[in-house]
Amino acid sequence: MSTNQPVTEAEIDTESRLRGTIRELRHSPTAIAGAIMVGVLVVLAVFSTIDLVVFNKQLITAIHADPHQMNTMNRYSPPSLSHPMGTDQFGRDVLSRVIYGSRIALAIGVISVGISFIGGVACGATAAYFGGRIDDLIMRLLEVLYSIPGLILAMTLMAIMGPSVYNLFLAYGVIGIPAYARVMRSEVLSLREAEYVEAARAAGLPTRTILFREIVPNGLTAVIVQATLSMGGVIIGAAALSFLGFGVQPPTASWGRMLNDAQQAMIIAPWAAVFPGMMIFLTVMGFNMLGDGLRDAMDPRTTLWKPDWDELGDDFLPTDDRQREEPDAVTDGAATDGGTAVDRRPDEHGGNR
């Protein structure tokens, strides 16, 4: 006796969805520009991480300068060929420290958003699927967490756990859970009564399987967009904590910490603050632009592709345009005699008019 398993929407080819999204993103200049900015950040972060872990800063020292090497005789040097972004109060090269700060910024964004993503999806999906008291308990606790300003809550957590980069990951990961839980809850509420979910229940699948294999994958689109858009906010928040002294501690290069160190020399050495601030601005803008394009590409109600009607041909023209291009009914079957259209339609006696 064989049991026919119903084909569900969760079993649609994931690779096809990914290819379709990428094809849509190609038609969005905003998404392309954002992807380029994010790509540059990823390249800098990967380079600095490999250089620090594997080569102990030998690569960047050979190419340009050691980001941690101090030279008090060269403090607050203006931008030059040897130091394109100048030096800071300890004579350290700003360009090298900006490159090394990219790995901290990207790590904070990816790890913190990852913690928020997993925690928010689990809490929101569980609350929406079971409903009742479970829903009320989970969402009320998350609303209490959501009601506290993010920066204040992050400072409180960092003061309790201590200032370190790992605690910074955890603090911003916990802060972001309520936002993701809300988005996931709304998606699950709209999907839990779908036909394929009812079929899965009728087939006797366990509740955990129905929730995390049938419902959650179909509701991840909005959560993924939320993750991309919130990446910039997390990077700004982490930079603010480092600026206030609660985040990354010296001598580790961090854009927020560099702004903190440069605030006393804004008049005599503005480059020490301008370049780290510019990197924060470009990084956040890149993630926001990419998130906007990703939201449009993954929304089935919109399309980023603008068709070229001339290349598609007459069959793809709108009905009104096709009618305008058709010849008139009178001249369609008419013969021309000396420049005058002659009607060849048969008359009532069977002859031509």
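Residues numbered from 1 in each chain as written. Predicted model: local features only at pLDDT ≥ 70, side-chain atom pairs only at ≥ 80, totals over all residues. Heavy atoms only, no water.

Student: Honestly, the overall build of the protein chain in this entry has me stumped. Any pointers?
Tutor: Within the protein chain, the regular secondary structure consists of 16 helices and two strands. Burial analysis of the protein chain (353 residues in total) assigns 39% to the buried set. Of the contacts made within the protein chain by residues no fewer than 6 positions apart, 66% connect residues no fewer than 24 positions apart. Total accessible area computed for the protein chain in this model is approximately 20,200 Å², and 61% of it derives from carbon and sulfur atoms. (Helix = DSSP H or I, 4+ residues; strand = E, 2+ residues; numbered from the N terminus. Buried < 20%, exposed > 50% of the residue type's maximum accessible area, 1.4 Å probe, protein only. Contact = heavy atoms within 4.5 Å. Areas by Shrake-Rupley, 256 points an atom, 1.4 Å probe, with all protein chains shown as cover.)

Student: Looking at this structure, how should I read the packing of aromatic side chains?
Tutor: One pair of aromatic rings is described through two measures. These are the centre distance and the angle between the planes. Tallying each qualifying case throughout the model produces three aromatic pairs. Ring geometry for F117 against Y180: centres 6.4 Å apart, planes inclined by 70°, an arrangement best described as edge-to-face. Of this pair, F117 sits in helix α4 (residues 94-130) while Y180 sits in helix α8 (residues 177-191), and the two are 63 residues apart along the sequence. The exposure class assigned to Y180 is buried, which follows from its relative accessible area of 2%. The interplanar angle of 90° and the centroid separation of 5.5 Å between the aromatic rings of Y129 and F130 together place this pair among those described as edge-to-face. Relative accessible area serves as the criterion here: at 44%, F130 is assigned to the partly exposed category. (Phe/Tyr/Trp six-rings, centres within 6.5 Å; stacked < 30°, edge-to-face > 60°.)

Student: Even after reading the chapter, I still don't get unusual backbone geometry, so can you show me in this structure?
Tutor: Among all residues except glycine, the phi angle is most often negative; among peptide bonds, the trans geometry is most common. For the bond running from P250 to P251, omega is 10°, close enough to zero to count as cis. With respect to the helices and strands, P251 occurs in the loop between α11 (220-244) and α12 (255-262). If you check the backbone angles, Y76 has positive phi at about 55° while not being a glycine. Looking at the element boundaries, Y76 is found in the loop between α3 (58-63) and α4.

Student: Whenever I open this one, the pattern of salt bridges confuses me. Can you help?
Tutor: Enumeration over the complete set of coordinates arrives at nine salt bridges. For D135, the salt bridge is made with R185, and the minimal N-O distance between the two is 2.8 Å. Taken together, the residues D135 in helix α5 (residues 132-146) and R185 in helix α8 connect sequence positions 50 residues apart. Where E143 meets R140, a salt bridge forms, and the shortest distance between an N and an O atom there is 3.0 Å. Linking E143 with R140, this pair stays in helix α5, spanning three residues, or about one helical turn. Under the relative-accessibility criterion, E143 is labelled partly exposed at 33%. When salt bridges that share partners are traced, they join D136, R140 and E143 into one network. (Salt bridge = Lys/Arg side-chain N within 4 Å of Asp/Glu carboxyl O.)

Student: Could you clarify how one ought to interpret a nonpolar patch on the surface in this entry?
Tutor: The grouping of V42, V46, I50, V53, V54, F55, L59 and I63 at the surface amounts to a nonpolar patch, some 700 Å² of accessible area in total. Elements supplying a minimum of two residues to the nonpolar patch: α2 (29-53) and α3. Among the elements that take part in the nonpolar patch, α2 stands out by supplying four residues, more than any other. Within the secondary structure, L59 sits in helix α3. (Patch = residues over 30% accessible without salt bridge, like charges linked within 9 Å, V, L, I, M, F, W, Y side chains within 5 Å.)

Student: What's the story with α2 in this structure? I'm lost.
Tutor: Since the α-helix turns once every 3.6 residues, residues separated by three or four places project in the same direction. Relative to the 36 Å expected for 25 residues at 1.5 Å per residue, α2 spans 36 Å between its end C-alpha atoms, a close match to the ideal helical length. Here α2 has its buried residues at A31, G34, V38, L41, A45, S48 and D51. (Expected span 1.5 Å × (residues − 1).)

Student: I'm lost on the environment of M279 in this one. Help?
Tutor: Examined against the element boundaries, M279 turns out to sit in helix α13 (residues 271-298). Classification of M279 by relative accessible area gives buried; the value is 18%. Taking the C-alpha atoms as reference, M279 lies 9.6 Å from I99; in sequence the two are 180 residues apart. Ignoring any residue separated from it by four or fewer positions in sequence, one finds M279 in contact with L44, V98 and W255.

Student: Help me understand helix α6 (residues 150-161) in this model?
Tutor: With 12 residues, α6 should reach 16 Å at 1.5 Å per residue; the first-to-last C-alpha distance of 16 Å fits that figure. If you check which residues of α6 are buried, you get L153, A154 and M158. Viewed end-on, α6 has its buried residues packed into an arc of 130°, placing them on one side of the element. For α6, exposure combined with an orientation more than 90 degrees from the buried face picks out A159 and I160. Elements in contact with the buried residues of α6: α5, α7 (165-175) and α11. At the exit of α6 stands G162, carrying a positive phi of roughly 100°. (Arc of directions from axis to C-beta.)

Student: I'm lost on the environment of S82 in this one. Help?
Tutor: Residue placement: S82 occurs in the loop between α3 and α4. Residue classification places S82 among the partly exposed positions, given a relative accessible area of 47%. Distance in space between the C-alpha atoms of S82 and H64 is 8.2 Å, their sequence separation being 18 residues. Among the polar contacts made by the side chain of S82, one reaches the side chain of S80 at a distance of 3.2 Å. (Polar contact = N/O pair within 3.5 Å; in protein donor to acceptor, adjacent residues only side chain to side chain.)

Student: It is not clear to me how the packing of α8 against α11 should be interpreted in this structure. Could you clarify?
Tutor: In helix packing, the relevant descriptors are the interaxial angle and the interaxial distance, both defined with respect to the helix axes. Contact geometry for α8 and α11: axes closest at 9 Å, N-to-C directions at 160°. Relative to α11, the element α8 lies roughly antiparallel. In this structure, the crossing between α8 and α11 has a hand that is right-handed. Residues A179, Y180, V183, M184 and E187 of α8 pack against L220, A222, V223, Q226, A227 and S230 of α11. Across the contact of α8 with α11, the residue classes break down as eight nonpolar, two polar and one charged. (Axes fitted to C-alpha atoms, helices over the stretch in contact; angles between N-to-C directions. Parallel < 35°, antiparallel > 145°, perpendicular 65-115°, else oblique. Left-handed = near helix turned anticlockwise from the far one by under 90°. Nonpolar A, V, L, I, M, F, W, Y, C, P; charged D, E, K, R; others polar.)

Such coordinate-based values are descriptive only and should not be taken to indicate function.
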